[in-house]
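Remarks on the overall topology
What follows is each chain in one-letter form.
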Amino acid sequence: MPQEQNVVSARDERYDPQRIETKWFERWQQDDSLYAAEPDSTKPKYYVLEMLPYPSGALHMGHVRNYAIGDALARYMWMNGYNVLHPMGWDSFGLPAENAAISNQTPPREWTFRNIANMKAQMKRLGFGYDWAREVTTCLPEYYRWNQWFFLKFYERGLAYRKKSKVNWCPKCATVLANEQVIDGRCWRHEDTVVEQRELEQWFLRITQYAEELLRDLETLQGWPEKVRTMQRNWIGRSEGTLVDFKLDGPTGLAGSTIAVFTTRVDTIYGATSVQFAPEHPLVSDLTASDPNLKGKVDQLIAEQRKAKEGGDIGEIEKHGVNTGHYAINPFNREKVPIWVANYIVMDYGTGAIMSVPAHDERDYEFAKKYGLEIRLVIVPRAADPEETVAEPALPFTTLNGTLVNSGPFSGLDCEEAIKRMSEHAKKNGFGKATVTYRIKDWGISRQRYWGTPIPMLYCDKDGIVPVPEKDLPVLLPENVDITLTGGSPLGRVPEFVNAICPRCGGPARRETDTMDTFVDSSWYFYRYTDAHNDKAPFASKTVGYWFPIDQYIGGVEHAILHLIYSRFWTKCMRDLGLVKNDEPVECLFTQGMVIKDGAKMSKSLGNVVTPNEMVARYGADAARLYSLFAAPPDRDLDWQDKGIEGIQRFLGRVNRFVARHVQPEHPDWRKPVPANLSTEARAIQRKLHQTIKRVSDDFQGRWHFNTCIAAIMELVNELYGIDDRMAGTAASAVVPVSLLADVQRNLVLLLAPFAPYLAYELWETLGEKTSLLRAPWPKYDPALAKEEEIEIPVQINGKLRSRIVVPSDTTEDVLRERALTDEKIRAAIAGKQVVKVIVVPGKLVNIVIR
């Protein structure tokens, strides 16, 4: 970095963020290596990353909060001597860019790169410390050629395949969505658009092949929030059970004669009194083809199911069904049972067909009572004494703690033993087996849109499906394409793209016109950051081996079962290809809270966006960053208040004034060690400094409650201002030695540096320091001086004692309130409740009023 000159002569007490930030912004732009990771270093590495943004046009304060968290951590780690990798890039393919381009009548490429330039300029002005030499833009051929390369490798290993399937179709996006992109029956991009079902030929990635490993390895991710791991467990949805083949009685149709049923309770199969299909099961079409009236009733069930999914809980749907008039044969007892179609059976679970056992399942019981189906008891409570007669249980009786009755040769067995023996019996006789199923389905990556990675496959009349040879990559996305929404991929209307030569026979071939799901781009981008300009491979394995796994990843919880599960799958595939050695991409994950404005998540669609440009112009970048970190703990939602950022600007002004008043770099004692013999007043200041260093350092290492870090720095500044107040006109150095004043000011600036780098750099120079602040050592505290007197504070909820917290005796009211609200017992007790107010009696108690 250019030499940081000592220009201290003015010592202006007035805080002028525009002057300070313009000065340092210009200096930082002159040094391309300032935030660069070291290629060959003996230092310990630290890879910190925020999820790359979609270039929507402009940042809002929700983005700023996310990036300010990562930037503070990166700066802290630089100051602690780590070789830090902190890159940034652009998730620049996808539907939003294409839709916006259509609306604005601007080519997607032009619209996207204009937005990237704007957002990059905003990030730089906000002072975020990114290594821009590693910038990745996913819509450039030098990136997406490797998407295509990966696809070919997956195809070679049977992980990429094409099949005709019922898929999720968003009519507004005019494309297919993956299961993970359907939220409560609606498009993840359009909450007002109900997703339809269509049958199309699609490309899939076989994520189910890794389902067990994806589930198992969640236990190794101890640095991930439990809520994210739980969401992934539920989405993967592992179920142990038995696959049983019922035979269709009578003539078969296109879907065949076997009805595969998955059940976790094969011990109840003698109580099955019907077989029920999900309305979209393939066999339903065969069974209803000859009866238009029946087909209409099934369509009604589909509509009911779709509406229930929109509400988010299909389990609460009012049960409706249609009797097909056909029968299935139970392979255990050869009994014919009626086949129904029911609106509460879904294709997502098992095989989309169930054996209905109303005596031992609550939903089946409700359905059977409604339609008068037989209810047959086959399990009774286990008797404590074999001689004892057990009364019939209330129905439905669902426990595993029971004994089989009315179950042929299996009667008398305990449930668990019966499940084992009946599964073995099914396997031995060729009509079933014990198995494991997963809720997660293979990832459909085909998109019938223009703005995405072309899928590198060809269709030849002679040779069928043929991969594009690696030497011909990338398959370039053509420009100047008509992308109006008329159904089907716009690429299909570009002859020069579609028409190709088959690499096997040399005859005419047709290119695949679907493009890849944008989540393909974001599944491996963080590997590319480590070797962003490699034109021979997606990255060098040795380089990745140094940097991975990512030490800290930061982003929204909304990607828990989208990006975060896809990226885990992609890593395991790359490991099996021999490209990486790590099993998981991310060691620690942090999911930040949203920024709320006017009672809703900040977003352009709601018109409640607060722009960083406006905040920077009015208050400065440091104030915008600092407020986004101070107003709430980073894992909780932040309710944006303009008055709050005004208060932060005033605080920064106080820091600036204190240093301006007390800086004395020309004094002979300025760089001397702090003397051991200090006055009571001076010792109190020194103790407060070391306590603050400890509190801020502990928060970086532990809870990441940057709001309490900043509150601790504010308390220190208040204590320092007390010097002037108590001295009443006497020079502070008369009571506090100059060497201690210098030590306090240097450490104050170091503590502030991760949060407000512009002012910190300015004050570092004002203090006469010559070294780069980014590489200045993080301050150390003396444990003896940092020891604080602690007190125990009772925490009540509506006047009733619920917990106790231990805090330093001088903890402020704001910090005490925050500590109480983040206490684990209190958080559990107030979950889902409205906090009306928090009454704090400093040093005595906290009472939280809820309703």
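In short, a report on the structure. Residue positions are counted from 1 within each chain, in the order its sequence is given. The predicted nature of this model means local features are confined to residues of pLDDT at least 70 and side-chain atom pairs, given and counted, to a pLDDT of 80 or more, with totals for whole chains, interfaces and linings taken over all residues. Side-chain numbers here rest on the full set of heavy atoms in the structure, without hydrogens or water.

So, the overall build of the chain
Rules: Numbered from the N terminus, helices here are DSSP runs of H or I no shorter than four residues, and strands are runs of E no shorter than two. Per-residue accessibility, obtained with a 1.4 Å probe over protein chains only, is compared with the maximum for each type, and a residue is labelled buried under 20%, exposed over 50%, and partly exposed between these values. Residue contacts follow a heavy-atom distance rule, with two residues in contact if any of their heavy atoms lie within 4.5 Å. The accessible surface values rely on the Shrake-Rupley method and a 1.4 Å probe; as for residues, cover is taken only from the protein chains in view. Counting rule applied: Lys, Arg positive; Asp, Glu negative; His and chain ends not counted. In this description, the location of a charge corresponds to atom NZ of lysine, CZ of arginine, CG of aspartate or CD of glutamate.
Looking only at helices and strands, the chain has 26 helices and 34 strands in total. By principal-axis analysis of the C-alpha atoms, the chain measures approximately 105 × 80 × 45 Å. Sorting the 851 residues of the chain into buried and exposed places 57% on the buried side. A fraction of 73% describes how many contacts in the chain between residues 6 or more apart in sequence connect residues 24 or more apart. Total accessible area on the chain stands at roughly 35,800 Å², and carbon and sulfur atoms take up 48% of it. Distance from the positive charge centre (105 side chains) to the negative charge centre (111 side chains) of the chain: 1 Å.

Digging into the pairing of strand 15 (residues 353–356)
Operational definition: Strands qualify as paired when DSSP identifies two bridges or more between them.
Side-chain alternation along strand 15 places Ala353 and Met355 on one buried face and Ile354 and Ser356 on a second face that is also buried. For strand 12 (residues 274–277) and strand 15, the ladder comprises four bridges, and the chain directions are antiparallel. Counted as the bridge partner of serine 274 is serine 356 from strand 15.

Some details on the pattern of salt bridges
This is how the line gets drawn: Salt bridges are defined by distance alone: a side-chain nitrogen of Lys or Arg within 4 Å of a carboxyl oxygen of Asp or Glu.
In this structure the tally under the stated criterion is 55 salt bridges. Across the pair glutamate 110 and arginine 114 runs a salt bridge, and its minimum N-O distance is 3.0 Å. Taken together, the residues glutamate 110 and arginine 114, both in helix 4 (residues 108–125) and four residues apart, mark about one turn of the helix. Given the relative accessible area of 45%, arginine 114 is considered partly exposed. The salt bridge involving aspartate 414 is made with arginine 382; its shortest N-O contact spans 3.3 Å. Of this pair, aspartate 414 sits in the loop between strand 17 (402–404) and helix 11 (415–428) while arginine 382 sits in the loop between strand 16 (379–381) and strand 17, and the two are 32 residues apart along the sequence. The class of arginine 382 is partly exposed, set by a relative accessible area of 38%. The network of salt bridges with common partners includes Glu213, Arg216, Asp217, Arg568, Lys572, Arg575, Asp576, Asp583 and Glu584.

Observations regarding the side chain of threonine 288
Quick note on the threshold: Pairing of N or O atoms within 3.5 Å defines a polar contact, subject to two protein rules: one partner must be a possible hydrogen donor and the other a possible acceptor, and residues neighboring in sequence count only if both atoms are side-chain atoms.
Secondary-structure assignment places threonine 288 in helix 8 (residues 282–288). Only 2.8 Å separates the side chain of threonine 288 from the backbone oxygen of valine 284, close enough to count as a polar contact. Excluding residues that lie within four positions of it along the chain, threonine 288 makes contacts with Leu294, Lys295 and Val298.

Structural notes on the sheet that holds strand 28 (residues 595–597)
Taken together, three strands build an open sheet; the order of strands is 29-28-30 and the sheet is mixed. At either margin of the open sheet sits one strand with a lone partner, and together these are strand 29 (600–601) and strand 30 (638–639). Looking at chain direction, strand 28 and strand 29 are connected through two bridges and run antiparallel. Across the sheet, residue isoleucine 596 finds its bridge partner in strand 29, namely lysine 601.

Some words on helix 17 (residues 612–619)
How we decide: Each C-beta atom gives one direction from the helix axis, and the arc is the one those directions make.
Within helix 17, the full set of buried residues consists of Pro612, Met615, Val616 and Tyr619. Along the axis of helix 17, the buried positions cluster into a sector of 100°, meaning they face one direction only. Where helix 17 is buried, its residues meet helix 1 (17–29), helix 2 (61–79), helix 4, helix 18 (621–630) and helix 19 (642–662). Phi turns positive, to about 100°, at glycine 620, one or two residues after helix 17.

Details of the packing of helix 22 (residues 738–752) against helix 23 (residues 757–766)
To keep it simple, the criterion reads: Helix axes are fitted only over the stretch in contact, all axes being lines through C-alpha atoms; the angle between N-to-C directions runs from 0 to 180 degrees. Oblique is the label for every angle not falling under 35 degrees (roughly parallel), over 145 degrees (roughly antiparallel), or within 65 to 115 degrees (roughly perpendicular). A crossing counts as left-handed when the near helix is turned anticlockwise from the far one by less than a right angle, and as right-handed when that turn is clockwise. When residue character is reported, Ala, Val, Leu, Ile, Met, Phe, Trp, Tyr, Cys and Pro are called nonpolar, Asp, Glu, Lys and Arg charged, and the others, Gly included, polar.
At a closest axis distance of 9 Å, the pairing of helix 22 and helix 23 adopts a crossing angle of 155°. Classified by the angle their axes make, helix 22 and helix 23 are roughly antiparallel. The crossing of helix 22 and helix 23 is left-handed. Where helix 22 abuts helix 23, its residues Arg746, Val749, Leu750 and Leu752 lie against Leu759, Ala760, Leu763 and Trp764. Among the residues making up the contact of helix 22 with helix 23, the classes are represented as seven nonpolar, no polar and one charged.

Points about the packing of helix 19 against helix 23
At a closest axis distance of 11 Å, the pairing of helix 19 and helix 23 adopts a crossing angle of 5°. Between helix 19 and helix 23, the angle falls in the class roughly parallel. Touching Leu652, Val655, Asn656 and Val659 of helix 19 are Leu759, Leu763 and Thr766, all from helix 23. Across the contact of helix 19 with helix 23, the residue classes tally to five nonpolar, two polar and no charged.

Quick notes on the environment of aspartate 249
Mapped onto the fold, aspartate 249 is located in strand 10 (residues 239–249). Classification of aspartate 249 as partly exposed rests on a relative accessible area of 28%. In this structure, the C-alpha to C-alpha distance between aspartate 249 and tyrosine 327, residues 78 residues apart in sequence, is 5.4 Å. Excluding its chain neighbours within four sequence positions, the residues that come into contact with aspartate 249 are Tyr327, Ala328, Ile329 and Lys336.

With respect to unusual backbone geometry
The omega angle of the peptide bond from leucine 395 to proline 396 is -5°, so this bond is cis rather than trans. For the bond from leucine 473 to proline 474, the omega torsion is 0°, close enough to zero to count as cis. Mapped onto the elements of the fold, proline 474 is located in the loop between strand 22 (464–467) and helix 12 (495–498). Positive phi, normally seen in glycine, also occurs at glutamine 105, with a value near 50°. As for its position among the elements, glutamine 105 is in the loop between helix 3 (95–104) and helix 4. The exposure class assigned to glutamine 105 is exposed, which follows from its relative accessible area of 75%. Its identity as a non-glycine residue notwithstanding, arginine 334 has a phi of 60°, on the positive side. Summarising the element assignment, arginine 334 is placed in the loop between strand 13 (321–329) and strand 14 (336–342). Arginine 334 gets classed as exposed once you look at its relative accessible area, which sits at 58%.

Section: the nonpolar core
Across soluble globular proteins, nonpolar side chains show a tendency to be buried alongside one another. To keep things clear, this is the line we draw: We define a nonpolar core as any set of buried Ala, Val, Leu, Ile, Met, Phe, Trp, Tyr and Cys residues linked to one another through side-chain atoms lying within 4.5 Å.
Membership of the largest hydrophobic core comes to 101 residues, with the highest contact counts inside it found for Met123, Trp640, Phe651, Leu652, Phe700, Phe755 and Leu773. At 12 residues, the largest contribution of residues to this core is made by helix 2. Among all residues touching methionine 123, those that are not within four sequence positions of it are Pro53, Leu59, Tyr67, Met88, Trp90, Phe128, Tyr130 and Trp132. In terms of nonpolar packing, the next biggest core, distinct from the first, is built from 91 residues, Leu152, Leu218, Val466 and Val498 among them.

Focus: the state of the cysteines
This is how the line gets drawn: Any pair of cysteine sulfurs within 2.5 Å is marked as a disulfide.
Evaluation of the coordinates by the stated rule reveals zero disulfides. No disulfide involves cysteine 505; its sulfur sits 3.6 Å from that of cysteine 460, the nearest cysteine. For cysteine 505, a relative accessible area of 31% gives the class partly exposed.

Description of the environment of glycine 352
Take glycine 352: it is sitting in the loop between strand 14 and strand 15. Distance in space between the C-alpha atoms of glycine 352 and aspartate 16 is 66 Å, their sequence separation being 336 residues. Once residues lying within four places of it in the same chain are set aside, the contact partners of glycine 352 are Gln276, Phe277, Ala278, His281, Ile345, Val346 and Met347.

Regarding the sheet that holds strand 27 (residues 589–591)
Read across the open sheet, the four strands follow the order 2-1-26-27; overall the sheet is parallel. Each edge of the sheet is formed by a strand with only one pairing partner; in this case those strands are strand 2 (83–85) and strand 27. Averaged over all pairs of adjacent strands, the angle between their axes in this sheet comes to 15°, without regard to strand direction. Of the pairings in the sheet, the one linking strand 1 (residues 45–50) to strand 2 comprises three bridges and is parallel in character. Looking at strand 2, one finds that tyrosine 46 is bridged to valine 84.

Focus on the packing of aromatic side chains
The relation between two aromatic rings is expressed through the spacing of the ring centres and the mutual angle of the planes. The condition that has to hold: Put simply, two rings from Phe, Tyr or Trp (the six-membered ring, in Trp's case) pair if the centres are within 6.5 Å, and we call them stacked under 30 degrees between planes, edge-to-face over 60, tilted for the rest.
Counted by the stated rule, this structure contains 58 aromatic pairs. Measuring from centroid to centroid gives 5.1 Å for phenylalanine 150 and tryptophan 524, while their planes differ by 65°, and the two rings are edge-to-face. Taken together, the residues phenylalanine 150 in helix 5 (residues 141–156) and tryptophan 524 in the loop between helix 13 (518–521) and helix 14 (525–528) connect sequence positions 374 residues apart. A residue is classified by how much of its surface remains accessible, and phenylalanine 150, at 0% relative accessible area, is buried. Judged by relative accessible area, tryptophan 524 falls into the buried class, the value being 0%. A centroid spacing of 5.6 Å and a plane angle of 50° characterise the contact between tyrosine 344 and phenylalanine 367, whose relative ring orientation is tilted.

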